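# A structural walkthrough
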2 protein chains.
Amino acid sequence: MQSLSKVAIIGGGVIGGGWVARFLLNGIDVALYDPAPDALAKVTGLIENAERAYDELLGVNRPLTGNLSLAADIESAVRGADFIQESAPENLSLKRSILAEIDRFAPHQTLICSSTSGLRPTELQKGLSHPDRFMVGHPFNPVYLLPLVEICGGEQTSADSKSRAAEIYQSLGMKPLVLAKEIDAFIADRLLEAYWREALWLVKDGIATVEEIDDAIRYGAGLRWAMMGTFQVYRIAGGEAGMQHFLSQFGPSLKWPWTKLMEVPELDGDFIKLIARQSDDQAGELSIKELEQIRDTGLVGILKVLQKMDWGAGQVLGDYEAMLKAAKPASELDLRKPLPLFQTNIKSDWIDYNGHMTEHRYLQLFGETTDALLTYIGMDAAYLATGQSVYTLETHLRHLKEVAQGERVSVTTQLLGLDSKRVRLLHVMTLDRNEEVLATTEQMLMHVDTKAGRGSDFSAGLAASLSQIWTAHQNLQVPDFTGSGIRALTG
Amino acid sequence: MQSLSKVAIIGGGVIGGGWVARFLLNGIDVALYDPAPDALAKVTGLIENAERAYDELLGVNRPLTGNLSLAADIESAVRGADFIQESAPENLSLKRSILAEIDRFAPHQTLICSSTSGLRPTELQKGLSHPDRFMVGHPFNPVYLLPLVEICGGEQTSADSKSRAAEIYQSLGMKPLVLAKEIDAFIADRLLEAYWREALWLVKDGIATVEEIDDAIRYGAGLRWAMMGTFQVYRIAGGEAGMQHFLSQFGPSLKWPWTKLMEVPELDGDFIKLIARQSDDQAGELSIKELEQIRDTGLVGILKVLQKMDWGAGQVLGDYEAMLKAAKPASELDLRKPLPLFQTNIKSDWIDYNGHMTEHRYLQLFGETTDALLTYIGMDAAYLATGQSVYTLETHLRHLKEVAQGERVSVTTQLLGLDSKRVRLLHVMTLDRNEEVLATTEQMLMHVDTKAGRGSDFSAGLAASLSQIWTAHQNLQVPDFTGSGIRALTG
């Protein structure tokens, strides 16, 4: 799937533009067709949002961004494309005419996925020359961050097409959910719609404002939904007595007259105005752009929390990062120089009240550089499992320059000494844009028997790798500042 | 509100027990009445969960846990209570008889709140001698972590009672939402019910399994709901065109036949069994206890992410922490000894692949100790706003012992030197349970003019405080290891 080289996106609104960003940031070239005059400007804003989010989100370097081209028509967008995602307005006849054109000019094997949330694939694929490669691939906003994509085939969609699409989406860091049956609105929107109608009734009946209704979710059940759906939540609420017991109890109250099920509120002018006014009050001074960035910052933080737990959407992110890492060719290091082991962007949550990176994050980045060195010399999970590891004994950290959020920094490593158990090294962090030295760290590391809790000799493999580096690094100049302590003050 | 000294909780199930934990962990004594023989065991498990979560969640020390007593009957539970929370089973006549007994024996001014999610307060307060102090205070599971509590008064509830209850809940770190009108199921459960019925239909109709339905939320919209409710989400989706435009477009599709609105699925034996079986499959090997801990770990992480953003539920947490901090008397330090400036529990996300605290987290705790020193000598937000701060120039960190999750550690600080611009100090981290030294850090700090980006003299106030400490600390012994660097290896 890494072999996708050109993708066509038809329609560049909030959803289509989100797709553009996700493909580009995965290193894939995108041809966009959108007849709106401001299509490029809109998509550019979304790509910037996505870049900002990915730089915060990913612990590994993302692929080089793909190239975006604007196509003059559908034909030139889809010719030679490896994959096509259609995100035109929700109108059956419009979508049908667009799909017919895509179908006519795209390579016959190329998958065509529609982002529709409301139209059935069986209806959309009627009349296509190769309907077997058409399906719905329904994403969620923001498309570049939320992993979910619902795959729903129509009567003529082949099983093979669905599994190929699932693989492609997975390679983009997404979670494809392949529907067993074709239904209107698929799964998620069925739930969202039911919720939304109820919310509209609460406003219509003057029970609560839009802000109160939103608060009733985001301070409560919404926090759980980031991790677990309602069935799992209710399983827990049921406790040890089990889901069956819980449901038997729950049964009767389900029929209490709690919801305004039977009607749909009329979205007339006055009602629309009421909601719009309440929504303005709720947003206060915050613009759409600011709300988007708040949303994305939160999503990034939540995804990282879940990744640390290896749970749900965080598991998808972990797999994605591992895939990106594995895709990088393990470059041969030039041992005659300090080793370029680590690079990163400075993330927003590393900044302190002084407006620049806080001190312990320097040590975090130096620690990750040490980990990169250990990985390079052969310390992996299997090695750790033998009860051996490498601990830091001492660190001497010198702060020379501040560094701000979004800057890119690199760390190189020079060996200063080696014996059978210990390695002494120097990490130097520089700012990429001008190669200024930001900080240095001298460290003494010791190989340990983790069960006995004491120093032990490096294994033969690790020792050999380290010797090889040390032999080369003995020829490097050792900076004067190494080896000295923090001086006494005489003032 | 800090003056609550005894609270009565009637009913110790998942909800009542959650209340017990929230009050106890806020330092308030609780008298619990629950006729079940295993009531204490159940509540104890919940308290343990809550303690684990709070130790992870809070950046400040929580109050000393209150005392829990089991009451033999309702009368002894509520006599002399400052606040009463009733969480008995959802049965109108049962609740009415319990409330009558509470009303009879509780002090007449004491608020009585019911956790009911399905019964109207007007119905529940009928026949009480002091119905004005009764209302619904409806929380969400886990009660000790989720901030939301819906306050809904009945026809006889006084406005004053509602605002007193809101204040009490707020003092517990909660977000009270006071309903303008009394309706069945209040706000959140109306939304949750609508969603839940739809979910049941999806299973009943064989469209998706419970796991797929849960996945359709937690990989997508659920991640957003932790931050923003649907109105705010749709505002963003509508983009610059505004909510009014968005709603006008959305209107028609709301009437598409997407949801199974008109009926309620029959929760008969076979259907219950089907859901229970699918729920077992979904949970796999995970016990309820394990699921609870996964949920709580995730909630803690998400709340901390939102706190960092000062957004939604994280804003509530921030206010709560500030309140806890302010409630602590600023103790006078004994300057003749190293200063006991910082204590913490070791949190789970500070642990690395070696199973103990990772190196940069040591520096984080030492950095927080430095911040505590700076606060002590008078560096506050107003001082920072004048364009002055204190930066770290150098750090020499020595790791002596590993430390595991959940351990409690303390850091003391000794001044090693002082001049007009710089202070040299030594932090020592010890394990509380045996006073073993875990790590030491020697640091050189410099007072800076942040606009000019260079060293400058301490202000008179800071200089005076530091001198006072330095005068006393010159009499302390200076450990031998200070001042020296990392030695060269000769191997």
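Residues numbered from 1 in each chain as written. Chains lettered and ligands numbered in written order. Predicted model: local features only at pLDDT ≥ 70, side-chain atom pairs only at ≥ 80, totals over all residues. Heavy atoms only, no water.

Naming follows an unreviewed UniProt entry, where chain A appears as L-carnitine dehydrogenase of Sneathiella marina. Quoted verbatim from the Subcellular location (unreviewed entry) field of UniProt, the annotation for chain A is "Cytoplasm". For the record of chain A, the UniProt heading Function (unreviewed entry) holds the text "Catalyzes the NAD(+)-dependent oxidation of L-carnitine to 3-dehydrocarnitine." (UniProt positions renumbered as here; feature names shortened; annotations may be inferred.)

Membership of the largest hydrophobic core comes to 187 residues, with the highest contact counts inside it found for Phe23(A), Tyr169(A), Phe231(A), Phe23(B), Tyr169(B) and Phe231(B). With residues up to four places along the chain from it excluded, the contact list for Tyr169(B) reads Trp19(B), Phe83(B), Gln85(B), Cys113(B), Gly137(B), Val149(B), Ile151(B) and Met174(B). (Core = buried A, V, L, I, M, F, W, Y, C linked by side-chain atoms within 4.5 Å. Buried < 20%, exposed > 50% of the residue type's maximum accessible area, 1.4 Å probe, protein only. Contact = heavy atoms within 4.5 Å.)

Moving on: the packing of aromatic side chains. Here the structure, examined in full by the defined rule, presents 15 aromatic pairs over all chains. Note on Tyr195(A) and Trp225(B): the rings are 4.9 Å apart at their centroids and 35 degrees apart in plane angle, and the pair reads as tilted. Within this pair, whereas Tyr195(A) is found in helix H7 (residues 188–204), its partner Trp225(B) is found in helix H8 (residues 210–225), the two belonging to separate chains. Trp225(B) matches Tyr195(A) in its accessibility class, with the two residues each being buried. Between Phe23(B) and Phe83(B), the ring centres sit 5.8 Å apart and the planes meet at 40 degrees, which makes this aromatic pair tilted. (Phe/Tyr/Trp six-rings, centres within 6.5 Å; stacked < 30°, edge-to-face > 60°. Helix = DSSP H or I, 4+ residues; strand = E, 2+ residues; numbered from the N terminus.)

As a further point, take the sheet that holds strand S2 (residues 29–33) of chain A. Residue and element names in this part refer to chain A. Judged by pairing direction, the sheet is mixed, and its eight strands sit side by side in the order S3-S2-S1-S4-S5-S6-S7-S8 without closing on themselves. Two strands close off the open sheet at either side, each with one partner strand: strand S3 (68–70) and strand S8 (175–178). Going across the sheet, the axis of each strand differs from the next one's by a mean of 25 degrees, ignoring polarity. Pairing between strand S4 (residues 83–86) and strand S5 (residues 111–114): four bridges, direction parallel. Its bridge partner being in S5, Glu 86 is matched across the sheet by Ser 114. (Pairing = 2+ DSSP bridges. Axes fitted to C-alpha atoms, helices over the stretch in contact; angles between N-to-C directions.)

Residue and element names in this part refer to chain A. Domain annotation of chain A identifies domain 1 (6–187), domain 2 (189–309) and domain 3 (332–473). Using only C-alpha atoms to locate each centre, domain 1 and domain 2 end up separated by 27 Å. The partner domain 2 presents 14 residues to the 20 residues of domain 1 that form the contact. In total, domain 1 and domain 2 occlude about 1,400 Å² of area from one another, counting both sides; carbon and sulfur atoms represent 52% of this. For the domain 1 face of the interface with domain 2, the top three residues by lost area are Asn 49, Arg 52 and Leu 57, together amounting to 33%. For the pair domain 1 and domain 2, the number of links is zero salt bridges. (Domains from an automatic or database assignment. Buried area = accessible area lost by both parts, 1.4 Å probe. Salt bridge = Lys/Arg side-chain N within 4 Å of Asp/Glu carboxyl O.)

Moving on: helix H6 (residues 159–171) of chain B. Residue and element names in this part refer to chain B. With 13 residues, H6 extends 19 Å between its outermost C-alpha atoms, agreeing within 8% with the 18 Å of an ideal straight helix rising 1.5 Å per residue. The set of residues buried in H6 consists of Ser 161, Ala 165, Ala 166, Ile 168, Tyr 169 and Ser 171. Of the residues trailing H6, Gly 173 is marked for its positive phi of about 85 degrees. (Expected span 1.5 Å × (residues − 1).)

This next bit is on the packing of helix H1 (residues 14–25) of chain B against helix H2 (residues 39–57) of chain B. All names here are of chain B. Where H1 contacts H2, the two axes come as close as 9 Å, and the packing angle between them is 50 degrees. As judged from the angle between their axes, H1 and H2 are oblique. Like other packed secondary-structure pairs, H1 and H2 cross with a definite hand, here right-handed. Contact with H1, carried on its side by Val 14, Gly 17, Gly 18, Val 20, Ala 21, Arg 22, Leu 24 and Leu 25, involves Val 43, Leu 46, Ile 47, Ala 50, Glu 51 and Tyr 54 of H2 and no other residues of that element. Per-class residue counts for the contact of H1 with H2 are ten nonpolar, two polar and two charged. (Parallel < 35°, antiparallel > 145°, perpendicular 65-115°, else oblique. Left-handed = near helix turned anticlockwise from the far one by under 90°. Nonpolar A, V, L, I, M, F, W, Y, C, P; charged D, E, K, R; others polar.)

Between chain B and chain A, the superposition needs a rotation of 180 degrees and an axial shift of 0.0 Å, giving an RMSD of 0.1 Å. In short, the pair behaves as if placed about a two-fold rotation axis. When you check the interface residues of chain B against chain A, 99% turn up at the interface there too, and the contact is symmetric in its surfaces. (Least-squares fit on C-alpha atoms with pLDDT ≥ 70 in both.)

Attention now goes to the interface of chain B and chain A. The partner chain A presents 159 residues to the 161 residues of chain B that form the contact. Of the roughly 15,400 Å² buried where chain B meets chain A, counting both sides, 68% is carbon and sulfur surface. The tally of links between chain B and chain A comes to four salt bridges. Here Asp280(B) makes a salt bridge to Arg235(A), at a shortest N to O gap of 3.2 Å. Counting every contact that joins chain B to chain A gives 37 residue pairs in polar contact (both at pLDDT 80 or more). Take the side of chain B that touches chain A: its biggest share by element is 16 residues, from helix H12 (residues 288–309) of chain B. When the residues that make up the side of chain B that touches chain A are grouped by side-chain class, the tally is 86 nonpolar, 37 polar and 38 charged. Examined bridge by bridge, strand S10 (residues 388–399) of chain A and strand S10 (residues 388–399) of chain B share five bridges and lie antiparallel to one another. Among the inter-strand pairings, Leu397(A) is bridged to a residue of S10(B), identified as Thr395(B). (Polar contact = N/O pair within 3.5 Å; in protein donor to acceptor, adjacent residues only side chain to side chain.)

What follows concerns the side chain of Asp215(A). In this fold, Asp215(A) is placed in helix H8 (residues 210–225). Asp215(A) gets classed as buried once you look at its relative accessible area, which sits at 6%. Engagement of the side chain of Asp215(A) in a polar contact is seen with the side chain of Arg218(A), the distance being 2.9 Å. Not counting the four nearest positions on each side in its chain, Asp215(A) is found in contact with Leu148(B), Lys175(B) and Leu177(B).

Turning to the pattern of salt bridges, a few remarks are in order. Summed over the entire model, instances satisfying the criterion amount to 40 salt bridges over all chains. We note a salt bridge from Asp334(A) to Arg336(A), for which the minimum N-O separation is 3.0 Å. Salt-bridge contacts for Asp457(B) lead to Lys421(B); the nearest nitrogen and oxygen are separated by 3.5 Å. Pair noted here: Asp457(B) is in the loop between strand S14 (454–455) and helix H16 (460–473) and Lys421(B) is in the loop between strand S11 (408–418) and strand S12 (422–431), with a separation of 36 residues, a long-range link. Each member of the salt-bridge network shares a partner with another, and the members are Glu86(A), Glu90(A) and Lys95(A).

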